[in-house]
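What follows is each chain in one-letter form.
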Amino acid sequence: MSALATISKSSFIRGKQCLKSLYLHINEPWLKDEISEAKQHVFNIGHETGRLAQQLFPGGIDASRGRPQEVKEAVAFTQQLIAGGQGVIYEAAFSDGETLCYMDLLVKMDGEWQAFEVKASTAVKDYHLLDIAFQYHVILQSGLPLTEISLVHLNKKYVRRGEINIDQLFTVNCLRDHAQSIQAYVEENLLEMQTMLAAGQGPDIATGKQCTQPFECDFYGYCHQDEKDDLFTGLKGIRATKIERFRSTGTTCFDQVPVGMPLTAKERTVLRGLFENKSQQDDDNIRQFLGKLEYPLYFLDFETIMFPVPLYDESRPYQQMPFQYSLHRQEHPGGELQHHAFLGCPPEDPRPEFIKRLLVETGTEGSVVVYNKTFEWQRLRELARDFPAYAHRLQQLNKRLVDLMEPFRKQWLYMPGMKGSYSIKRVLPALVTGISYSDLEIQEGNAAGLIYGSLYRDPDPASIRKKRENLLAYCEMDTLGMVEILKVLNNLLLT
Ligand code: SF4
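Residues numbered from 1 in each chain as written. Predicted model: local features only at pLDDT ≥ 70, side-chain atom pairs only at ≥ 80, totals over all residues. Heavy atoms only, no water.

Caption draft 1: The arrangement of the sheet that holds strand S11 (residues 337-343) in detail. Taken in spatial order, the five strands of this open sheet run S11-S10-S9-S12-S13, and their pairing is mixed. Of all strands in the sheet, those with a lone pairing partner are S11 and strand S13 (401-403), marking the two edges. Each adjacent strand pair in this sheet contributes to an overall mean axis angle of 30°, direction not counted. The pairing of strand S9 (residues 297-306) with strand S10 (residues 320-330) spans ten bridges and is classified as antiparallel. Note on S10: the bridge partner recorded for Phe302 is Tyr325. Together, S9, S10, S11 and strand S12 (368-370) form the strand contacts of helix H19 (residues 461-494), whose direction differs from that of S9 by roughly 140°. (Pairing = 2+ DSSP bridges. Helix = DSSP H or I, 4+ residues; strand = E, 2+ residues; numbered from the N terminus. Axes fitted to C-alpha atoms, helices over the stretch in contact; angles between N-to-C directions. Contact = heavy atoms within 4.5 Å.)

Caption draft 2: View of the environment of Ala384. Among the structural elements, Ala384 can be located in helix H14 (residues 373-386). Residue class for Ala384 comes out buried when judged on its relative accessible area of 8%. Separated by ten residues in the primary sequence, Ala384 and Leu394 have C-alpha atoms spaced 6.0 Å apart. Those residues in contact with Ala384 that lie beyond four places of it in its chain are Ala391, Leu394 and Gln395. (Buried < 20%, exposed > 50% of the residue type's maximum accessible area, 1.4 Å probe, protein only.)

Caption draft 3: Expanded view of the site of the ligand. In the region of the ligand, the neighbouring residues are Cys18, Ser21, Gln210, Cys211, Cys217, Phe219, Tyr220 and Cys223. Grouping the constituent residues of the shell around the ligand by class yields six nonpolar, two polar and no charged. (Near = heavy atom within 4 Å. Nonpolar A, V, L, I, M, F, W, Y, C, P; charged D, E, K, R; others polar.)

Caption draft 4: Region of interest: the domain arrangement of the protein chain. Segmenting the protein chain into domains produces domain 1 (7-198) and domain 2 (285-494). Facing the 18 residues of domain 1 at the interface are twelve residues of domain 2. Roughly 1200 Å² is buried in total at the junction of domain 1 and domain 2, and carbon and sulfur atoms are behind 62% of that figure. Residues Arg161 and Glu314 are paired through a salt bridge, measuring 2.8 Å at the closest nitrogen-oxygen approach. Inspection of the region where domain 1 meets domain 2 yields six residue pairs in polar contact (both at pLDDT 80 or more). The element contributing the most residues to the side of domain 1 that touches domain 2 is helix H3 (residues 37-53), with five residues. (Domains from an automatic or database assignment. Buried area = accessible area lost by both parts, 1.4 Å probe. Salt bridge = Lys/Arg side-chain N within 4 Å of Asp/Glu carboxyl O. Polar contact = N/O pair within 3.5 Å; in protein donor to acceptor, adjacent residues only side chain to side chain.)

Caption draft 5: Representation of the side chain of Gln183. The topology assignment puts Gln183 in helix H8 (residues 183-198). Those residues in contact with Gln183 that sit more than four places away from it in its chain are Ala133, Tyr136 and His137.

Caption draft 6: Inspection of the pattern of salt bridges at higher detail. On inspection of all chains with the given rule, the structure shows 26 salt bridges. Between Arg247 and Glu244 there is a salt bridge; the shortest N-O distance is 3.3 Å. Placement of both Arg247 and Glu244 in helix H10 (residues 240-249) is noted, with a separation of three residues, approximately one turn of the helix.

Caption draft 7: Spotlight on the packing of helix H1 (residues 9-17) against helix H2 (residues 19-27). At a minimum axis distance of 5 Å, the contact between H1 and H2 shows a crossing angle of 140°. Classified by the angle their axes make, H1 and H2 are oblique. For the pair H1 and H2, the contacting residues are Ser11, Arg14 and Gly15 in the first and Leu19, Ser21, Leu22 and His25 in the second. Taken together, the residues of the contact of H1 with H2 sort by class into two nonpolar, four polar and one charged. (Parallel < 35°, antiparallel > 145°, perpendicular 65-115°, else oblique.)

Caption draft 8: Region of interest: the packing of helix H13 (residues 351-361) against H14. Where H13 contacts H14, the axes come no closer than 11 Å and their chain directions differ by 110°. Our classification of the angle between H13 and H14 gives roughly perpendicular. Handedness of the crossing formed by H13 with H14: left-handed. Contacts from Arg351, Phe354, Ile355 and Leu358 of H13 reach H14 at Leu380, Leu383 and Asp386. (Left-handed = near helix turned anticlockwise from the far one by under 90°.)

Below, the structure is given as structure tokens:
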């Protein structure tokens, strides 16, 4: 057996997700996908939250000294700090050569050591438990007795009012008992990983669920590069296990559906679209739906951003903060469209102006058409809660919402081009030709949130202007798309 590789906490979690990923990470890291902006954003959030949590135990010394690659130095410095009586250590490093971990917070309380791992989530997740158990193992191996090891995460019930209250912002979960109870499991897995790495050959593992759960693997592009699109690529509305069965049995028509495989009515509709290119239309339900609409009609869409640490008063960790809306108004059927838009101006809290403008521009009468009502309904409820002076009017507005997604979610209209999805990004191009998100700089809501977030740090006026134009164009597309979808539904009943 050659010298054992050092397995860090993140490598251990990676190896638990997929041994091949661990092998590639150690031996062929250049095959990784480029880090997307969204992933980088998640990393940044993790680091920022970790730094903020240091305020739970102020006055500590950072053992990593900001140079995580210098492992030996960090481990030696940690030992030096412990021996020297330093009671609070940030990024304390431990390693026995085979394993390595950096502990976010190491604190001596009443003469005994306690360790704290900080996560930017709002709950303890399954993979956090493994994470904690691994760190417990490494620290004990190093010879430091720990009386407690805990996971610190954001408290989703915390409401900011004035300066951040660090003690209320974070929740501490003691997990020593759990960490102790799975030590044998950690050791077994470490042995399996070390054995695999020492063999010097990557394991032959097929792509599957593990490529995206619990995280998207950064070798996704490499491992999936030879996979060709087939009939089922991108198909929604059918359980993944059934799709796998269709693929493995070569099913391309109803006659070939494996005997004994039950299909729901909705799955049948999707498969009729896929196998036979058939649409579905339920005129009675579409008519009833259209009959509910009251003019003037408003087509409304929100964009939101989430801040892990609340930036503004009356907001909570990861609250969906509306920063933008697009609104098209139509006085009567077939009438001219009037467009209104709002886009916040960082670093101001966008919500007060958002509410004032929205309430004026939506008036007091007429249906407010949204796509996926739960989202806008919930945001309006939160705005009413956080800004009670407007609560009554926001509640009234909420009562006027009509969900344009309903006819598609319930398959009153189904087209093969929807491929089982009722998201507006699939429904719109399936119904209307010549209108597409692909020409826009921003093509989906998460990207809009990231770009709005970048405005807080962007010093360049030209870049800010461009980003604002793109955000406005993207949001307007959603409401224009709704206008077009409604037109299609109306025209269907005329033909
Ligand atoms: S993409 Fe999937 S199979 Fe490939 S290394 Fe990652 S998890 Fe393993």
